[in-house]
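Coordinate analysis (summary)
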Amino acid sequence: MLIRPITTEDEYRAVELLQREIWGSEEIEIIPHDLMMTVHKNGGVMLGAFDPQTEGEPMVGFVFGFIGMQPDGKIKYCSHIAGVTAQYRDRNVGYMLKLAQRDFVMTRGFDLITWTFDPLESRNARFNFHKLGVTCNSYFRNLYGEMRDQLNAGLPSDRFQVDWLIRSDRVENALANRNKDITILDMIVINPAQSEGLLKPCDHPLPAVGEKFLIQIPDNFQHIKAADRGLALEWRMHTRSLFEEAFNKGYTATDLVIDGGRSFYLLEAGSVPVTDR
């Protein structure tokens, strides 16, 4: 797979097509090529993944971001959107795009990349937390309002904003695959789900716990949304209250644990040491 900057008008327009294909986005939701081009030419990151083994070397994924600012005025990189076509998933293309984005940002002297994603998407959470080494203590309710693409329509667009401290030991360990898988044995799960058909969350308050505990999320939120939109909304509202309370009490989400086919966020008390290099 070839990862490189997007350079031509045709390639920018190909990213418009990929947005339609990957997310089923309506025309009004598409980031237009001229905006992406302007951002890219003024310090943004616009990388494409190309398959050199296929005739025409098609673009099969991309990542797009720009320079942003933290509330305290510190400069960061904001990774706005990244995606890979269905036929190239599970082939490490997304991982290669994020590594290339990290390299691009590091060469420009930045330490932090942030982005948002749906906290109930277990697959994305595992990738972000366990494979890349992000952390999160920021939850935004209905961040984008009503979304019209096929993957997100019909539910509040709640999002995690994750922090990727790209020069930290934590991230270096994740990228070197030095993070150990943990089991939920002897750990507190504050919302163990019922195992009757589709998982239904039990409504338990956040207990007074020690330094670590787990919050369960659906294993396949897209399946729940397709089968029972009401249940999907229950999951959204249930986990919203848990994450907001946990973050308000000073906990940080540090991993997505897979155990017995079930998905759990690991939350740890206080600030998580990252040790910048």
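Description of the structure in this document. (Residues numbered from 1 in each chain as written. Predicted model: local features only at pLDDT ≥ 70, side-chain atom pairs only at ≥ 80, totals over all residues. Heavy atoms only, no water.)

When we look at a pair of aromatic rings, we describe it by the centre distance and by the angle of the planes. As enumerated under the stated definition, the model contains 17 aromatic pairs in all. Ring plane angle 80° and centroid distance 5.6 Å describe the contact between F129 and Y265, whose orientation is recorded as edge-to-face. Of the two residues, F129 is situated in helix α4 (residues 122-132) and Y265 in strand β10 (residues 262-269); the sequence distance between them amounts to 136 residues. Relative accessible area serves as the criterion here: at 0%, Y265 is assigned to the buried category. Aromatic side chains F213 and Y251 sit 4.8 Å apart centroid to centroid with 80° between the ring planes, which places their arrangement in the edge-to-face category. Here the residue F213 occupies a position in strand β8 (residues 212-217), and Y251 occupies one in strand β9 (residues 251-259), the gap between them amounting to 38 residues. The residues F213 and Y251 share a single accessibility class, namely buried. Site record: aromatic cluster; members linked through ring pairs are F117, F129, Y139, F160, F243, F247 and Y265. Over the face of the ring belonging to W115 we find K98, whose NZ or CZ atom lies 3.6 Å from the ring centre. Across from the ring centre of Y95, 4.6 Å away, lies the NZ or CZ of K131, which sits over that ring. (Phe/Tyr/Trp six-rings, centres within 6.5 Å; stacked < 30°, edge-to-face > 60°. Helix = DSSP H or I, 4+ residues; strand = E, 2+ residues; numbered from the N terminus. Buried < 20%, exposed > 50% of the residue type's maximum accessible area, 1.4 Å probe, protein only. Lys NZ or Arg CZ within 6 Å of the ring centre and 35° of its normal.)

Under the criterion given, the structure shown has twelve salt bridges. When the shortest N-O distance is used, the salt bridge between R102 and E172 registers 3.0 Å. Taken as a pair, R102 in helix α3 (residues 93-107) and E172 in helix α5 (residues 169-175) lie far apart in primary sequence, 70 residues in all. Residue R167 is joined to D111 by a salt bridge in which the shortest nitrogen-to-oxygen separation is 2.6 Å. Remark: D111 occurs in the loop between α3 and β5 (112-117) and R167 occurs in the loop between β7 (159-165) and α5; sequence separation between them is 56 residues. For D111, a relative accessible area of 36% translates into the label partly exposed. If you follow the salt bridges from partner to partner, you end up with E9, R13 and E16 in one network. (Salt bridge = Lys/Arg side-chain N within 4 Å of Asp/Glu carboxyl O.)

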